[in-house]
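Close look at the chain arrangement
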Amino acid sequence: MEEPRAVVIGAGIGGLTAAVALRRTGWRVTVLERAASLEPVGAGISLAPNAQRALDVIGLGDDVRALAAWQGDGGLRTPSGRWLSRTDSAAAARRFGGPLVLLHRATLAELLAAQLPDDAVRTGAAATLADPGTATRPATVTTPDGDVEAELVVGADGINSAVRRTLFPAHPGPVYTGFTTWRMVVPAPSRPFAPHETWGNARLWGTHPLKDGRIYAYASAAAPAGSRAPDDEKAELLRRFGDWHHPVPAVLAAAEPATILRHDVRHMAQPLPAYHRGRTALLGDAAHAMPPNLGQGGNQAIEDSVVLAHHLSAAAAPDPTPALAAYTRERLPRTTDVVRRSARTARMALLAGTPAAALRDGALAAVSRLAPGLLLRSWEGIADWQPPHRTYAA
């Protein structure tokens, strides 16, 4: 009997993970990617233990853990450099069953793509969902080479998902959070530093090491939607963060303006009614875009992918709709909670006004003294997630 066919629209981290996971459960998978290559747009991605356990399901968890670069101290600081809360990598690993791993998105994409046949991913292939299908009718995807029928379609086409709009045309989609973000990867500065996130007045900065010796840095600031620097984004960052503590000035000195990414941050303030319709499922940002403040956007897409494959064994192909309903029941409550927690953290981190920021910092410092490991609390109920079945590393 021929393997049932699944079409994945979008070859980001979620789409590639879904393709690998579905292949392991008996699906013949084709990934259609609009871009001309698989080089991901973005810089770094943080993989917490929950995502690592999800990757265990497809045999890649240990490969990711081997890329952990955070060793020793780290925490939350003020722009002057004063520590508000400190923790260490060993404490995080003990509490949640694994290290926090920061790696370049391209590295993760390469690990995932290597698990797929050479002909499984088609780049430069714009795809449109023409028909989501029903229990008795296959889904149809339109491509430049003609229509493709499939027993399953996975919409992994990101925050601006056209698949989402087709499935739920009345939903408002993601809304602007009120802040923009910058990301960059630069050579390490000569002076050492402890990995940190720094909260200021309606501004935020983070600097973290990568395994290859480079540094991943990110920044956020309140700004009108759609605004851009009058000159270039490096100059904008220097204006906003140039006088902050080490290593911020050194990181900015090493940054090339053309390599700095800037994007407005949007999130799904109103949850979707479901993550499927007919034979079509949504995952990742297409389903539940969230602020990056808990570092869970990519992690939740990876979780989505292995849970989707768990419910969708090839045996479900004649009618996958009950399995897709089970996927929605499992994922919608969890991801809605993570979106809301991420949005709350973003509001706290980017409080505007000197008195409000000072009150926040004082409260954080006091709580941290009384209860060390404050930063780890934000991961409770998130980083300790387990896949729906045992993994090879369990």
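A few points on the structure.

Basis of the calculations
- Residues numbered from 1 in each chain as written.
- Predicted model: local features only at pLDDT ≥ 70, side-chain atom pairs only at ≥ 80, totals over all residues.
- Heavy atoms only, no water.
- Phe/Tyr/Trp six-rings, centres within 6.5 Å; stacked < 30°, edge-to-face > 60°.
- Buried < 20%, exposed > 50% of the residue type's maximum accessible area, 1.4 Å probe, protein only.
- Lys NZ or Arg CZ within 6 Å of the ring centre and 35° of its normal.
- Pairing = 2+ DSSP bridges.
- Helix = DSSP H or I, 4+ residues; strand = E, 2+ residues; numbered from the N terminus.
- Axes fitted to C-alpha atoms, helices over the stretch in contact; angles between N-to-C directions.
- Polar contact = N/O pair within 3.5 Å; in protein donor to acceptor, adjacent residues only side chain to side chain.
- Contact = heavy atoms within 4.5 Å.
- Salt bridge = Lys/Arg side-chain N within 4 Å of Asp/Glu carboxyl O.

**Concerning the packing of aromatic side chains**
Following the criterion strictly, the structure yields 4 aromatic pairs and no others. Centre to centre, the rings of Phe241 and Trp244 are 4.9 Å apart; their planes meet at 75°, and the pair counts as edge-to-face. For the pair Phe241 and Trp244, a shared accessibility class is recorded, and that class is buried. An aromatic cluster is present here, built from Trp182, Trp205, Phe241 and Trp244 joined pairwise through their rings. The ring centre of Trp83 lies 4.4 Å from the NZ or CZ of Arg77, which sits over that ring. The side chain of Arg86 reaches across the aromatic face of Trp83, ending 4.1 Å from its centre.

**Let's talk about the sheet that holds strand β10 (residues 146-150)**
A sheet is described by the order of its strands in space; here 3 strands give the open sequence β8-β9-β10, paired in antiparallel fashion. Because the sheet does not close on itself, it has two edges, and the strands there are β8 (128-131) and β10. Going from strand to strand, the sheet's axes swing by 35° on average, the running direction of each strand aside.

**A few points about the side chain of Glu303**
When you line up the elements, Glu303 lands in helix α10 (residues 297-311). Glu303 gets classed as buried once you look at its relative accessible area, which sits at 0%. Here Arg331 takes part through its side chain, which lies 2.8 Å from a polar atom of the side chain of Glu303. Only 2.7 Å separates the side chain of Glu303 from the side chain of Arg334, close enough to count as a polar contact. Apart from residues no more than four positions distant in its own chain, Glu303 is found in contact with Asn50, Ala54, Arg331, Arg334, Ile382 and Trp385.

**Examining the pattern of salt bridges**
Side-chain pairs of opposite charge can arise where the charged atoms are in close proximity. A complete count under the given rule lists 15 salt bridges for this structure. Asp62 is the salt-bridge partner of Arg65, the closest N and O atoms lying 2.8 Å from each other. With Arg65 and Asp62 both in helix α3 (residues 61-65), this residue pair falls 3 residues apart, about one helical turn. On the basis of relative accessibility, which here comes to 21%, the residue Arg65 falls in the partly exposed class. The class for Asp62 is partly exposed, based on a relative accessible area of 41%.

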